[in-house]
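Coordinates in review
As a plain string of letters, each chain reads:
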Amino acid sequence: MPPSKRRRLSRSGEFDRVYRDGSSHATRYLVLYTFPRRDEEREEVRLGVSVSRKVGGAVDRNKVKRTLREAFWSLSDRLPDKHDFVIVARSDIGGLIEKEGTAGVTKSLEEAMDASFGGGRST
RNA sequence: GAAGCGAGCCGAGCGGACGCGGAGCGGAGAGAAAUCCGCUUCGAGGAAAGUCCGGACACCAAAGGGCAGGGCGGUGGGUAACGCCCACCCGGCGAAAGCCGCGGGAAAGUGCCGCAGAAAAGAUACGGCCGAUGGCGCGGCCACACGUGAGUCGCGUACAGGCAAAGGUGAAAUGGUGCGGUAAGAGCGCACCGGCGUCGUGGUGACACGGCGGCCAGGCAAACCCCGCCCGGUGCAAGGCCAAGCAGGACCGUCGACCCGGCUCGGCGAGGUCCAGGUAGGUCGCAGGUGCGCUUCGGCGCCCCGAAGGGCUUCGGCCCGACGAGAUAGAUGUCCGCUCGCGACAGGAUCCGGCUUACAGGCUCGCUGUCGGA
RNA sequence: CGGGGAGUGGCGCAGUCUGGUAGCGCACUCGGCUGGGGGCCGAGCGGUCGCAGGUUCAAAUCCUGUCUCCCCGA
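Each chain has its residues counted from 1, following the order in which its sequence is written. Chain letters and ligand numbers both follow the written order, the letters beginning at A and the numbers at 1. Whole-chain, interface and lining totals are the exception, using all residues; otherwise, since this is a predicted model, local features are given only for residues with pLDDT of at least 70 and side-chain atom pairs are given and counted only at 80 or more. Side-chain metrics in this entry use all non-hydrogen atoms of the structure; hydrogen atoms and water are not considered.

Attention now moves to the pairing of strand β2 (residues 30-36). Each residue is assigned to one of three classes by its accessible area relative to the maximum for its type, calculated with a 1.4 Å probe on protein chains only: buried under 20%, partly exposed between the two thresholds, exposed over 50%. A run of H or I in DSSP becomes a helix once it reaches four residues, and a run of E becomes a strand once it reaches two; helices and strands are each numbered from the N terminus. In terms of residue burial, β2 counts as a mostly covered element, since six of its seven residues are buried. Any two strands with at least two DSSP-identified bridges between them are counted as paired. Two elements, strand β1 (residues 23-26) and β2, share four bridges in a ladder whose sense is antiparallel. Its bridge partner lying in β2, serine 24 is registered against tyrosine 33. Taking the residues that link successive antiparallel strands as the turn, the β1-β2 hairpin has three residues.

Given below as C-alpha cells:
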C-alpha cells in the first residue's frame, strides 16, 4: 500500500490540465476527474481536492477534504499508476458525511471509479 | 423562595489505536541537496468570524504648507491610538436594582415642512367678536328765532376704530391650567407649572439649587451649513533578496517628463507610456511582546465609615512568573472504552488594542424587592 | 488575505444624491380589429423596495447593524 503523504496537486496549471484533458464521472455527492500522465518518470498517483464555499464554512470544508482524502487513499489498491485525480465536492456531501461518515463517501467514490476505469486493479 | 438586574469565568474530560502540519535529533544513500525511515516535542478561539474603527510595520525622495475632502461630537479622566473604556451630568423607560441615547449650535445664513387647514414661519390677511370712544340714522327730553342743534338719554348701524380668546385641521399654530379683569379681550394682573435671560452659591467641568427680571425666539443639522478637535496615500498579494525565461518596436523626456491620491504652492531628478514577447518558482518578511497573570507601591474615580482606615474599579512603575502554531490547494480528525448535564457557534494566514455579530449548556460573586413564606 | 459594487412586480431596469405620488419595457388576463394565428389598439392584474433597528410628523430614499450575490488585485 503506498503511503498517502503529500501526493497532492498544488498548482493551478495541474488542475487545469486535469479538468481540460481528463475524463469526468459524477455522482450525487462528488465529481471525479481522471487524467493519465505521459512522458514523466514518476509513477505515483496524485490527488487534488476542490471544495467550494457552497459546501459550508471553513470547518465544514476542511472536514470534507479530510474525509475525501481518507476515502480516496483507502481505495488505493484500485488506482492505476501515473494518473492525476481531482475530486470536486458537491453541496449535498455535507449531509452525507453527517449521516453515514467516511463509509458513505467511500461508496460514492467507488461508484465514480467504476464508471471511470472499471473494476479491480488492472495489471 | 420564585422572578428580575449587573459583573466575571468555563465552553467537554480521561485512556488506547491509526493518521495530519512544523521543529529538533538519529539512521539509509556518497558528504551538506532531493527522497525515505525511526524517535522526541509543539500544534487554533472567545469569538480565531464580520473587516467596522484605531495603531505597529513596510513602500511611496522627505511625509511639507494652503484649499478642497473625510471623520468625530454632553463633561472630566484613561490610552501608543481610537468612533474604545471608566466615572459623572442631562433626557427617556422601569416599582426598584438598573437599562437605553451619533447627546455641540436652529437669536450667522440658506433650504424643507406633502395632505388637511384661515394661516406652516414675522402673524398678516380670511372668517369672526365688541359697541366703551368718535361718526351717521331714528326716537324721547331740553333750548329757542318753531324747524333747527351746540346739550343730554335710549335704540340701531358697523363708517372710523378696538380685539387676538374661540377657528373642533394638523406631527407641529407665538406657553398650559385656574381666578380676576373688560365693551369685547389679551401675561393686562395674580397663583402654580414650563421656557428664556441675568445674578449669586456649590462643582475641575457638563450642570444643579436659589433670587430677580420679563414674556421676546415652532420643528428638522443621521438637510446644506457654522463651531471645536482629528486625519498624507497605499496596504504583507506591503516590501527585500535569489533563480528561471524572452525579442524587440513606437512615442514622450533632463529646454525637467513621470511622480508626490484631487487643485495649488513647493519639491524630487531619469526615466515614463503603449504594443509585442517571456515568467508567474524559491526564500526572507513570519512571531517574545504598545500582549498575559500574581504580589506590592503610587495616582484618578466611586462606595462604606464618627475618625483612623477599608472595599471596588482603572491606569502607571518595580520585582517575580507563565507563555515554543506559523501553514502555502493551505495542518486538529476517524474508530474503540469510560464519565456527565450527550457537547453550541465555529478555525489561524503580518501582528496588536477595541467594537459588532453568532453561540448548547454550566459556574462564581454582587444587587433589587411588583409576588409568596416565616 | 486585501480592495470595491449591487439587492425594487415573474424577468430586465428607473426612482435614492435633493425624504411625502413606487414608474417604464417585456410577460400575464380580458375586450376589439381578422375566417383563424401572428401583429396592432384599448383596459386590467401584479411590488413586505433583501432583513432588523434608529433619526424624522413621515424612510425605497438618511444613519447603524446584518444576510446574500457579483467584480478586481501577486
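Now, onward.
Moving on to the sheet that holds β2. Read from one edge of the open sheet, four strands run β1-β2-β4-β3, paired in mixed fashion. Bordering the open sheet on either side are β1 and β3 (46-50), each of which pairs with just one other strand. Adjacent strand axes in the sheet meet at a mean angle of 20°, parallel and antiparallel pairs treated alike. Sheet analysis places β2 next to strand β4 (residues 83-89), joined by seven bridges and oriented antiparallel. Every axis in this analysis is a line fitted to C-alpha atoms, fitted for helices over the stretch in contact. Angles between the N-to-C directions lie between 0 and 180 degrees.

Think of a salt bridge as a Lys or Arg side-chain nitrogen and an Asp or Glu carboxyl oxygen that are within 4 Å of each other. Evaluated as defined, the whole model comprises eight salt bridges. Ionic pairing is found between aspartate 84 and arginine 46, a salt bridge with its closest N-O pair at 3.1 Å. In this pair, aspartate 84 is assigned in strand β4 and arginine 46 in strand β3, connecting sequence segments 38 residues apart. Here aspartate 114 makes a salt bridge to arginine 78, at a shortest N to O gap of 2.8 Å. With aspartate 114 in helix α3 (residues 93-117) and arginine 78 in the loop between α2 (58-74) and β4, the pair connects residues that are 36 residues apart, well separated along the chain. Here aspartate 114 falls in the partly exposed class, since its relative accessible area comes to 42%.

These results come straight from atomic positions and should not be treated as a statement about function.
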